[in-house]
Amino acid sequence: MSILDKRSILPTLTADSQVAIELGCGPSKRDLEALGIDALDFPGVDLVGDVFEVLRAFPAGSVVRCSNSHFLEHVDDPAGLLDELARVMRAGAELRVIVPHFSNPYFHSDPTHQRSYGLYTMSYFARDELLWRKVPNYGRTPAFELQSVRLGFNSPFPLRGLMRRTIGRFFNLSRWLQEFHEENLCWLFPCYEIEYRLRRL
């Protein structure tokens, strides 16, 4: 798959660039200042192509901020994507990832979802001083540090969504409550999504 650079951005990028990117932005970017990257040519997309190919076209250290929402679960090689992001992001750059939580009943309906995510998933790829349980990196040297993890409670149905958001705030009051929810209550009161914030080391 070739890259469609709709605004001729790639030739202007250098190692000194300070760009923000949004992966899998779809028809409308959440971060209006970011370069939108998507495999489909929607109006708000700046760079159309396979995410790995697009990122390989970026100079090392040229990205200062990266966000993606409900994108990473579609990627069949999240470790490889994080490695490529580590290359293009400079030290101190912020990475924001929002994915469906594994207890989200709608997650299992989408046949394009490759991976499920929970509180500790990013701990396998990043340095984690936040969560209680320590998990292995399986020989990987972390390029990111986990800054925060937040459970998101919602529903596509408005009244249920309001109820879930209201009650769900309680579980984000502490790490202990987050872990208690995931271990004991997530199948009774499912979590809709999870947000990780990471920093490039």
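What you see is a predicted model; the values in this text were computed from it and never measured.

Draft legend 1. Quick peek at helix α4 (residues 175-185). Buried residues of α4: Leu177, Gln178, Glu179, His181 and Glu182, and no others. In this structure, the buried side of α4 is in contact with β7 (144-152).

Draft legend 2. Expanded view of helix α2 (residues 78-88). Across the 11 residues that make up α2, a large majority, nine, are buried. Those residues of α2 that fall on the buried side of the exposure criterion are Pro78, Ala79, Gly80, Leu81, Leu82, Glu84, Leu85, Ala86 and Val88. On its buried face, α2 is in contact with β2 (19-23), α1 (51-56), β5 (63-69), β6 (89-100), β7 and β8 (193-200).

Draft legend 3. Molecular detail of the sheet that holds strand β4 (residues 47-48). Across the sheet, eight strands lie side by side as β1-β4-β3-β2-β5-β6-β8-β7; this open sheet has mixed pairing. At either end of the open sheet lies a strand with only one pairing partner, and these are β1 (4-5) and β7. Pairing of β5 with β6 involves six bridges; the strand directions are parallel. The residue of β6 that forms the bridge with Cys66 is Leu95. Along the sheet, α2 makes contact with β2, β5, β6, β7 and β8, crossing β6 at roughly 150°.

So, how was this worked out
Residues numbered from 1 in each chain as written. Predicted model: local features only at pLDDT ≥ 70, side-chain atom pairs only at ≥ 80, totals over all residues. Heavy atoms only, no water. Buried < 20%, exposed > 50% of the residue type's maximum accessible area, 1.4 Å probe, protein only. Helix = DSSP H or I, 4+ residues; strand = E, 2+ residues; numbered from the N terminus. Contact = heavy atoms within 4.5 Å. Pairing = 2+ DSSP bridges. Axes fitted to C-alpha atoms, helices over the stretch in contact; angles between N-to-C directions.

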